[in-house]
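Coordinates in review
Here is how the chains run, residue by residue.
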Amino acid sequence: KHKHPDSLPVFFATEMWERYGFYVVQTLLALYLALYFNWSDERIYVLIGSFTALTYISPVLGGWIADHLIGQKRATILGGIFLFSSYIFLSLDLSDHALSFALAGIAVGTGLLKSNISSLLGNQYSKHSASRDRGFTIFYMGITSGIILGTTLPSYLNRHFGWSVSFFSAAIGILFGIMIFAYGVYRYNIKDYLPYKFCLAKTIKAFILVTVLWAACICILNYPALANAVFLSVAFWSLAYVTYYMFKDSKKQCYKTFVILILCIISVMFWAFYFQMFMSLTLFIARVVEPKLFGIPFPPPYYIAIQSVGMVLIGLFLARDKSRRSSAERAVRAG
């Protein structure tokens, strides 16, 4: 009655390879810019900060495009194609000015894929399924597995074969992800979250929006002043939107919305500190810390992998604990 859908491994593997590619770039980019292009720290922080912010903002538009224009399945595959092309481009011997084209494509691809894969998984469970939470815990373990691979394997490839091979491995990873997802859609008849009917006008509109988003990302990555203006505008309008509806609702709902607002602010502060692992802390470790553990090479990205290993272990414990509780509840109801 409460078993997981047969398609769960498809979502697990797709998201694992998507995260692998993303963390290949996320963990190596600061070192790449510092060691290969000799950029100053300030310039590195501006580019990586803008790139990371775009990958978290773009899913808003990616989700809208899927819901209103092309459906979740097609948006997910289109995002994968964008990521594959961008990783291939990044693996070429680019000039530092051409980096923005590849990074903008990664931001767009992440926005299209990341915002829709979770919706598709949720749609595989019935509305009141007792296994939904545990299914998403398993799904998140797939994400974490991709992070572990993306923070360890690329460093080995870079040490023995160079930057290009490391970034090319991200393209191979997302190619696996696209193939697995496409097979899963065919094999398990995965449905869109909302019914989809082909419409040429909507498809053209989606193509235009994706192109505009990509061009906007390129501009933001190339012009720090524009990046600051865009991100401050997003923060201002988001705060204004939440505040407006907070006072428009009932008093009880107003308190709930206020709590959500506080949690959002705390979350922003947490992630601002967390992503220092990929910027200032990565460069600090590379310059100051002896990159060995018991005589074994231990480059900066490995430090990021440690906390991901911990999350996998905790995830296994939580999934097992939820399984036991579900069994106990069923036994109580039956008895």
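Please refer to the structure higher up on the page.
This write-up is about the structure you can find in this document. By convention here, each chain's residues receive numbers from 1 onward along its written sequence. Totals for whole chains, interfaces and linings use all residues, but because this is a predicted model, local features are given only for residues with pLDDT of at least 70 and pairs of side-chain atoms are given and counted only at 80 or more. Based on all heavy atoms of the structure, the side-chain values leave hydrogens and waters out of the count.

Like-charged residues are merged into a patch within 9 Å and nonpolar side chains (Val, Leu, Ile, Met, Phe, Trp, Tyr) within 5 Å, provided each residue has over 30% relative accessible area and no salt bridge. Computed with the Shrake-Rupley method and a 1.4 Å probe, the accessible areas treat only the protein chains shown as cover for residues. Just to be clear on terms, a salt bridge is a Lys or Arg side-chain nitrogen sitting within 4 Å of an Asp or Glu carboxyl oxygen. Nonpolar side chains collect at one region of the surface, where Phe-258, Val-259, Ile-262, Leu-263, Ile-265, Ile-266, Met-269 and Phe-273 lie side by side and expose about 800 Å² of accessible area between them. Residue classification places Phe-273 among the exposed residues on the basis of a relative accessible area of 65%. Exposure classes here rest on a 1.4 Å probe applied to the protein chains alone. A residue is buried below 20% of its type maximum, exposed above 50%, and partly exposed in between.

Looking now at helix H7 (residues 200-222). Look at H7: 33 Å from first C-alpha to last across 23 residues, which is about the 33 Å you get at 1.5 Å a residue. Only heavy atoms matter for contacts: two residues are in contact if any of them lie within 4.5 Å across the pair. Numbering goes from the N terminus for both helices and strands, where a helix is a DSSP run of H or I of at least four residues and a strand is a run of E of at least two. The elements touched by buried residues of H7 are helix H2 (41-70), helix H3 (72-91), helix H4 (99-122) and helix H8 (224-248). Expected helix span is computed as 1.5 Å times (number of residues minus one).

All right, on to the packing of aromatic side chains then. Centre distance within 6.5 Å is the pairing criterion for rings of Phe, Tyr and Trp, where only the six-membered ring of Trp is used; planes under 30 degrees apart are then read as stacked, over 60 as edge-to-face, and the remainder as tilted. What the rule picks out here adds up to 24 aromatic pairs. On the numbers, 5.3 Å between centres and 85 degrees between planes, the contact of Tyr-274 with Phe-275 is edge-to-face. Residues Phe-275 and Phe-278 carry aromatic rings whose centres are separated by 5.2 Å and whose planes lie at 45 degrees to one another, so their mutual orientation is tilted. Within the aromatic cluster, the residues linked to one another by ring pairs are Phe-22, Tyr-23, Phe-51, Tyr-56, Phe-270, Trp-271, Tyr-274, Phe-275 and Phe-278. Geometrically, a lysine NZ or arginine CZ counts as sitting over a ring once it is within 6 Å of the ring centre and also within 35 degrees of the ring normal. Its guanidinium or amino end placed over the ring of Phe-22, Arg-19 lies 4.3 Å from that ring's centre, counting from NZ or CZ. Arg-43 extends its terminal NZ or CZ atom over the ring of Trp-39, reaching a point 3.8 Å from the ring centre.

A pocket, in this scheme, is an open set of points on a 1 Å grid over the protein atoms alone with protein on both sides within 12 Å along at least 5 of 7 lines, while a cavity is a set where a 1.4 Å probe fits but cannot get out; residues line either one if an atom lies within 4 Å of a point. Grid points are joined across faces, edges and corners, and a volume is the space filled by probe spheres set on the points. Under the defined criterion, the tally for this structure stands at one cavity of 30 Å³ or more. Computed from the structure, the largest cavity encloses a volume of approximately 40 Å³. Forming the boundary of the largest cavity are Thr-14, Thr-76, Ile-77, Gly-80, Leu-113, Ile-174, Gly-177, Ile-178 and Phe-181. Listed by contribution, the elements that provide at least two residues to the lining of the largest cavity are H3 and helix H6 (163-188). Considering each element in turn, the lining of the largest cavity owes the most residues, four residues, to H6.

Moving on: unusual backbone geometry. One non-glycine residue, Asn-38, lies in positive phi territory at about 60 degrees. Looking at the secondary structure, you find Asn-38 in the loop between helix H1 (8-36) and H2. Although it is not a glycine, Asn-189 sits at a positive phi angle of roughly 55 degrees. Locating Asn-189 in the fold gives a position in the loop between H6 and H7. Its relative accessible area of 48% is what places Asn-189 among the partly exposed residues.

This part takes up the nonpolar core. Here, the term nonpolar core denotes a set of buried Ala, Val, Leu, Ile, Met, Phe, Trp, Tyr and Cys residues that are joined through side-chain atoms within 4.5 Å. By size, the foremost hydrophobic cluster in this structure holds 76 residues, and its most contacted members are Val-25, Leu-33 and Tyr-87. Of all the secondary structure elements, the ones that give two or more residues to this core are H1, H2, H3, H4, helix H5 (132-161), H6, H7 and H8. Considering each element in turn, this core owes the most residues, 16 residues, to H1. The contact partners of Leu-33, leaving out residues within four places of it in the chain, are Asn-38, Trp-39, Ile-44, Leu-47, Ile-48 and Leu-99.

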